[in-house]
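# Commentary on secondary and tertiary structure
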Amino acid sequence: MPSSDEEFKPEKKKAKVNSKADSDEYDEEEEAEVNRNDDGEAYFELGKSKRVTVRQWKKAVLVDVREFYEKDGKTLPGKKGISLTLEQYKALKKHILDGSLDKQVKELEK
């Protein structure tokens, strides 16, 4: 008989991402893996020790960008990070999608 941990193992789902690192255009054909933490919250890896997690806290949806560390074989959230409300996330998303954020990044890359 499976343990309670084995009973709750949400299957990994896919989210759409761009497969071309140099491309500025969103490719709707490719999908990235949606991971789930021990609480069942969806998260996406941003690098070796950073991830973005979508969670609910006191009935509010939050998009949490945070550093993580390992301790005793467990991955735990660090203090460095930011939780965006849905309104703040939508404002950030708007600046990404309209290209204004990328324009400013490219100016500084020169």
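Heads up: these notes are all about the structure in this document. The residue numbers shown here count from 1 along each chain, following its written sequence. It should be noted that, the model being predicted, local features are given only for residues of pLDDT at least 70 and side-chain atom pairs only at 80 or more, the latter also being counted only at that level, while totals for whole chains, interfaces and linings use all residues. The basis for every side-chain value is the complete set of non-hydrogen atoms in the structure, without hydrogens or water.

## Some remarks on the overall build of the chain
Secondary structure summary: the chain contains 3 helices and 6 strands in total. Per the convention used, a helix needs a DSSP run of H or I reaching at least four residues, while a strand needs a run of E reaching at least two, with both numbered from the N terminus. In the chain, the succession of helices and strands from N to C terminus is α-β-β-β-β-β-β-α-α. A total of 110 residues make up the chain; the buried ones form 16% of that total. The contact rule is simple, with two residues in contact once any of their heavy atoms fall within 4.5 Å. Taking contacts inside the chain between residues at least 6 apart in sequence as the whole, the part at least 24 apart equals 9%. When the accessible surface of the chain is summed, it comes to about 9,500 Å², and 50% of that surface belongs to carbon and sulfur atoms. Each residue gets one of three labels from its accessible area relative to the maximum for its type: buried under 20%, exposed over 50%, partly exposed in between, using a 1.4 Å probe on protein chains only. We get accessible surface area from the Shrake-Rupley algorithm with a probe of 1.4 Å; when it comes to residues, only the shown protein chains can shield them.

## Comments concerning unusual backbone geometry
Unusually for a residue other than glycine, Lys 58 sits at a positive phi of about 50°. Examined against the element boundaries, Lys 58 turns out to sit in the loop between strand E4 (50-57) and strand E5 (60-71). For Lys 58, a relative accessible area of 69% gives the class exposed. Phi is positive for Asp 72, which is not a glycine, with a value near 55°. As for its position among the elements, Asp 72 is in the loop between E5 and strand E6 (74-85).

## Thoughts on the pairing of strand E3 (residues 42-45)
Strand pairing requires that DSSP identify at least two bridges connecting the strands. Here strand E2 (residues 31-36) runs beside E3; their pairing, made up of 2 bridges, is antiparallel. Residue pairing in the sheet places Arg 36 in a bridge with Ala 42 of E3. Connecting E2 to the antiparallel partner E3 that follows it, the hairpin turn spans 5 residues, and Gly 40 within it adopts a positive phi of roughly 85°. As defined by bridge partners, E3 adjoins E4 across 4 bridges and the pair is classed as antiparallel. Each bridged residue has a counterpart across the sheet, and for Phe 44 the counterpart in E4 is Val 52. The turn joining E3 and E4, which pair antiparallel and follow one another in sequence, is formed by 4 residues.

## A look at the pattern of salt bridges
We define a salt bridge as a contact between a side-chain nitrogen of Lys or Arg and a carboxyl oxygen of Asp or Glu at a distance within 4 Å. Considering all chains together, one arrives at 6 salt bridges under this definition. Note that Glu 45 is salt-bridged to Arg 51, the shortest N-O span being 3.9 Å. With a relative accessible area of 45%, Glu 45 lands in the partly exposed category. On the basis of relative accessibility, which here comes to 9%, the residue Arg 51 falls in the buried class.

## A short note on the environment of Leu 46
Within the secondary structure, Leu 46 is located in the loop between E3 and E4. In sequence terms Leu 46 and Val 65 are 19 residues apart; their C-alpha atoms lie 8.8 Å from each other. Other than its neighbours up to four places away in sequence, Leu 46 contacts Arg 51, Val 52 and Val 65.

Note that every value here comes from positions in space, so none of it alone points to a role or purpose.
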